[in-house]
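So you can see what is in the structure, the chains are spelled out below.
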Amino acid sequence: MKNIEFRLREEEEFIKLGQLLKACNVVSNGGEAKLRILNGDAIVNGNVEKARGKKIKEGDTVKINNININIIK
């Protein structure tokens, strides 16, 4: 499993799930992010998440494929 640490900008409290997947190069565009999320491929803090607008905050963990993304500040 590949581990990625994603650092929120100082002024940000969260990033939306779809934006996170694009920022980490897990998907190539927003359409792919939408499909992957709707298919139930994204797991946020151990639960399947199907809302691409889900707010991902410091301390959250997102898993998709064999990629584990930890959110830090």
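Below, the structure is looked at part by part. (Residues numbered from 1 in each chain as written. Predicted model: local features only at pLDDT ≥ 70, side-chain atom pairs only at ≥ 80, totals over all residues. Heavy atoms only, no water.)

### Remarks on the pattern of salt bridges
Side chains that differ in sign of charge can pair as their charged atoms come close. Heads up, the condition is: Any carboxyl oxygen of Asp or Glu that lies within 4 Å of a side-chain nitrogen of Lys or Arg is treated as forming a salt bridge with it.
For the structure on display, the rule yields four salt bridges. The structure contains a network of salt bridges with shared partners spanning Glu32, Arg36 and Asp41.

### Observations concerning the side chain of arginine 36
Inclusion rule: Runs of E in the DSSP output that reach at least two residues are strands. Runs of H or I that reach at least four are helices, and both are numbered from the N terminus. Any two residues whose heavy atoms approach within 4.5 Å are treated as being in contact.
Structurally, the position occupied by arginine 36 is in helix α2 (residues 30-38). Filtering out sequence-adjacent residues up to four positions away, arginine 36 remains in contact with Val26, Val27, Asp41, Ala42, Ile64 and Asn65.

### Focus on the sheet that holds strand β6 (residues 61-64)
Rules: We treat two strands as partners when DSSP finds at least two bridges between them.
Spatially, the five strands line up as an open sheet ordered β1-β7-β6-β3-β4, and their pairing is mixed. Edge positions in the sheet fall to β1 (2-7) and β4 (47-48), since each has one partner strand and no second. Note: strand β3 (residues 43-44) against β4, two bridges, orientation antiparallel. Following the sheet pairing, valine 44 is matched in β4 by asparagine 47.

Honestly, that's just the spatial picture; any functional story needs more than this.
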